[in-house]
Amino acid sequence: MAEPKENVLMEKITSLCKRRGFIFQSSEIYGGIQGFWDYGPLGAELKRNVKELWWSTMTRMRDDVVGLEATIIMHPAIWRASGHVDTFSDPMCDCLLTKKRFRADQIEFQSGNAYHYAGAKDTATGKEVVEPYAVLLAAGKPPESARKTAAQFYAQRGLQTVELIGETVAKVENSQRFNPENGSLLTPPVPFNLMFKTYVGPTATEADVAYLRPETAQAIFAQFKNVHETSRQKVPFGVAQMGKAFRNEVTPRNYTFRSREFEQMEREFFIKPDEAVEAVTAAVATPAAKGHPGEPQPNWGWQLWHQYWVEERIKFYEGIGLPRTTLEEYWQKPEELAHYARACVDILFKFPFGTQELEGIAARSDFDLSQHERCSGKAMGIFDEELRTAFGKLPPQKQTELKDRYYAARLKYLTKMGVSAAEAGAAAQEDADGLAKGQYIPHVIEPSAGVDRLILALLANAFTEVTETDAKGKSETRVVLRFHPRVAPIKVAVLPLLKNKPELAAKARAIFESLRGHMMAFHDEAGSIGRRYARQDEAGTPFCVTVDFETFEGIKDGPQAGVKDTVTIRHRDDGKQERIATSELLPWLLVRVK
RNA sequence: GCGGGUGUAGCUCAAUGGUAGAGCGCUAGUCUUCCAAACUAGUUACGAGGGUUCGAGUCCCUUCACCCGCUCCA
């Protein structure tokens, strides 16, 4: 639970973000709109850096991952196949007495006697309330307690001395219509579909309904065949995509953490089913220890690939300045997993408002491609020459064993999806025979991260207050955002020591111009030098370059005395300065910000 | 959506139903040889809409947003 102190910290971060132009409320001049946020100048740079680092790490720097940029609106059948149309809606009920909210499907089943009432009358004023109500009592409980609860209900509707009207009793078995805590009747389940609906084309009828994507991942599955055929990639390989996604959240909360429009960085990494790995390499490697398993090997099954990606993703977060101590891994328990998932790890960040998820890395079996194969009628499997050759060379009993295991897995999936026993059996047999011929539907490991929550994590992690007492004894607290140079919105600020000395100003301007093509640089000559440093600290700029008199007159003291054309570099986190030649400035900066 | 709380300048906070103010910030200028210096001038607000009242930042209603809880997830 969030302590008051932590709320104060969130308020400070929120206020800084607005003051410095990281994050603004969307549509603020019209009163704002719930669950939508804009990035200001510094926020836009920060976000761009984060996305570029992810894209570079997850695709460009890897031989085995390619990119995709799909549309936000796709064929609505995609969301039926993915399950979002059905399962993305959570029917909710409210307790009529206490207003507490329940997920309709998670209420425990109860049995007993339901006491129904048609309404109630105020014996003092004669006022009548006609509104049906009911209370469930466990068998054997005295009816008086039901009447007491009902009286409370009608009292809330403005009656003083309640006389209940039209009591009837009915036996109830396994009902989810009553509050397990007090027996009060609940409101009828109200469905919430979290997908934003829209209409494609001019007519806006039910037939034109489409949805804004609630995740970017499904496009990767839908385009799997095209990407596979055009990218010259072989399984195992991955497809990465970044982009906006939309969820009509019941309650957006915690600043930008849960927004209705947000951005995801998702990657589907397609791997062979374990049976295929075993056929080719004789045995599937088992995880030896916790931690990074090293370079990918041909004998890796889903477990090692999953572990590999968990570690790779944590390495990424560490590389952009989130220390491992600020992160947590949460391995979902078997009973928490979605029915198709074999494992799921959440990478959590310790936010000021609680430890919350940044990214989920799920081993999703072959569920998604199988679903799209079933629903679209298009084959999603791939052919693997190496597998066919290897399978043919296996001893017959090994062949049978692998086919049986693949058959069992396919049968389980098909049965779960409601395919009739006869059809499922035949289809699973076909799949098992296909495996022997080198065909299979790839399995997938899905690291799925939220950009906006990562931005928030970076801001929270970078936020530092420094209290300093000056020579006059006046103490002042200022904010330093200790961003990793790789993500910092402004990499370097170029400052003339004094504004009114033309040679300093011109030189600073020239240095700034020479840097801006390579990185986000900033030029500032207004105010005292200390004030400008402080401004940059608040923006999280890691380096300030200052042009001073020694730039022209030569270094005064020390081993380099007399050397000209140098500048000072001032470090954000400790205020220390070093002096380097202007000719070396660009390479010096580049190695630190890339 | 329900319950509780909060809305005054970019930020932090004032103003008994009677002329909306301060500090910081920001902009311009003077000055200034390294950590929010000084001086001068300027800048900007009652979340929105109704109502009560001679008069509303203040009282009432509606609405919007934010924070906390229920709920949910990237």
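What counts, and where the lines are drawn
- Residues numbered from 1 in each chain as written.
- Chains lettered and ligands numbered in written order.
- Predicted model: local features only at pLDDT ≥ 70, side-chain atom pairs only at ≥ 80, totals over all residues.
- Heavy atoms only, no water.
- Helix = DSSP H or I, 4+ residues; strand = E, 2+ residues; numbered from the N terminus.
- Rg over C-alpha atoms; globule rule 2.2 N^0.38 Å.
- Contact = heavy atoms within 4.5 Å.
- Areas by Shrake-Rupley, 256 points an atom, 1.4 Å probe, with all protein chains shown as cover.
- Lys, Arg positive; Asp, Glu negative; His and termini not counted.
- Charge placed at Lys NZ, Arg CZ, Asp CG, Glu CD.
- Pairing = 2+ DSSP bridges.
- Near = heavy atom within 4 Å.
- Polar contact = N/O pair within 3.5 Å; in protein donor to acceptor, adjacent residues only side chain to side chain.
- Nonpolar A, V, L, I, M, F, W, Y, C, P; charged D, E, K, R; others polar.
- Phe/Tyr/Trp six-rings, centres within 6.5 Å; stacked < 30°, edge-to-face > 60°.
- Buried < 20%, exposed > 50% of the residue type's maximum accessible area, 1.4 Å probe, protein only.
- Lys NZ or Arg CZ within 6 Å of the ring centre and 35° of its normal.
- Salt bridge = Lys/Arg side-chain N within 4 Å of Asp/Glu carboxyl O.
- pLDDT = per-residue confidence, 0-100.
- Domains from an automatic or database assignment.
- Arc of directions from axis to C-beta.
- Axes fitted to C-alpha atoms, helices over the stretch in contact; angles between N-to-C directions.
- Left-handed = near helix turned anticlockwise from the far one by under 90°.

Draft legend 1. Region of interest: the overall build of chain A. Across its full length, chain A carries 18 helices and 27 strands. Computed over C-alpha atoms, the radius of gyration of chain A comes to 31 Å, more than 25% over the 25 Å expected from 2.2 N^0.38 for 594 residues, which places it beyond the range of a compact globule. By sequence separation, contacts in chain A at least 24 residues apart represent 66% of the contacts at least 6 residues apart. Accessible surface, chain A: about 29,200 Å² in total, of which carbon and sulfur atoms supply 52%. Each charge class in chain A can be summarised by its mean position, and for the 77 positive and 79 negative side chains these summaries are 3 Å apart.

Draft legend 2. Spotlight on the sheet that holds strand E12 (residues 209-212). Strand order in the open sheet formed by 3 strands is E4-E12-E11, with antiparallel pairing between adjacent strands. At either margin of the open sheet sits one strand with a lone partner, and together these are strand E4 (73-74) and strand E11 (197-199). The sheet contact formed by E11 and E12 spans 3 bridges and is antiparallel. Along E12, the bridge assignment pairs Thr 198 with Ala 210.

Draft legend 3. Structural detail: the protein's contact with RNA strand B. Contacts to RNA strand B come from 58 residues, most closely from Gln 25, Thr 251, Glu 357, Ser 528 and Gln 577. Counting only the atoms of RNA strand B that lie within 4 Å of the protein, the sugar and phosphate share comes to 46%. One of the backbone nitrogen or oxygen atoms of Ser 259 is found 3.2 Å away from a base nitrogen of RNA strand B. Here a base oxygen of RNA strand B sits 2.6 Å away from a polar atom, N or O, in the side chain of Tyr 533. Where the surface near RNA strand B is concerned, the elements lending two or more residues are helix H1 (4-20), strand E6 (101-103), strand E14 (261-271), strand E17 (354-363), strand E20 (443-450), strand E22 (475-481), helix H16 (529-539) and strand E26 (566-571). The residue makeup of the surface near RNA strand B, split by class, is 14 nonpolar, 22 polar and 22 charged.

Draft legend 4. Structural detail: the packing of aromatic side chains. Going through the model one piece at a time under the given rule, you end up with 25 aromatic pairs. Ring geometry for Phe 224 versus Phe 237: centroids 6.1 Å apart, planes at 25 degrees, classification stacked. Here the residue Phe 224 occupies a position in helix H7 (residues 224-231), and Phe 237 occupies one in strand E13 (residues 237-246), the gap between them amounting to 13 residues. Like Phe 237, Phe 224 is buried. Against the face of Tyr 317 rests Arg 313, its NZ or CZ located 5.3 Å from the ring centre.

Draft legend 5. Just the pattern of salt bridges, in detail. In this structure the tally under the stated criterion is 38 salt bridges. For the salt bridge of Arg 20 with Glu 538, the shortest nitrogen-to-oxygen distance reads 3.0 Å. Placement of Arg 20 in helix H1 and of Glu 538 in helix H16 is noted, with a sequence separation of 518 residues between them. A relative accessible area of 24% means that Arg 20 is categorised as partly exposed. Measuring nitrogen to oxygen at the nearest pair gives 2.5 Å for the salt bridge that ties Arg 579 to Asp 548. With Arg 579 in strand E27 (residues 577-581) and Asp 548 in the loop between strand E25 (543-547) and helix H17 (550-553), this residue pair connects regions lying 31 residues apart in the sequence. Through salt bridges that share partners, Lys 47, Lys 51, Glu 263 and Asp 452 make up one connected network.

Draft legend 6. Quick peek at the confidence of the model for chain A. Chain-level pLDDT for chain A is 91 on average; 97% of the residues reach the 70-or-more range. Taken over the whole predicted complex, pTM reads 0.89, whereas the ipTM for its chain interfaces reads 0.92.

Draft legend 7. Structural context of the domain arrangement of chain A. Looking at the assigned domains, one finds that chain A contains domain 1 (8-88 + 198-381 + 441-453), domain 2 (94-190) and domain 3 (490-593). Using C-alpha coordinates to define each centre, domain 1 is positioned 44 Å away from domain 2.

Draft legend 8. Structural detail: helix H11 (residues 385-393). Here H11 has its buried residues at Leu 387, Ala 390 and Phe 391. Looking down the long axis of H11, one finds its buried residues gathered within 100 degrees of arc, a one-sided arrangement. Opposite its buried face, H11 presents the exposed residues Gly 392 and Lys 393, each directed more than 90 degrees away. At its buried positions, H11 is contacted by helix H8 (274-281), helix H12 (396-416), helix H13 (421-436) and strand E19 (439-440). For H11, the side-chain oxygen to backbone nitrogen distance between the N-cap and Glu 386 is 3.0 Å, and the N-cap itself is Asp 384.

Draft legend 9. Inspection of unusual backbone geometry at higher detail. The omega torsion of the bond from Val 235 to Pro 236 falls at 5 degrees, within 30 degrees of zero and hence cis. Relative to the helices and strands, Pro 236 resides in the loop between H7 and E13. A positive phi angle is found at Ser 27, which is not glycine, with a value near 55 degrees. Mapped onto the secondary structure, Ser 27 falls in the loop between strand E1 (23-25) and strand E2 (37-39).

Draft legend 10. Here's a closer look at the packing of H8 against H11. Running from N to C, H8 and H11 point in directions that differ by 65 degrees, and their axes come no closer than 8 Å. Where H8 crosses over H11, the two elements pack in a sense that is left-handed. Listed contacts from H11 to Ala 276, Ala 279 and Val 280 of H8 are Glu 386, Leu 387, Ala 390 and Phe 391.

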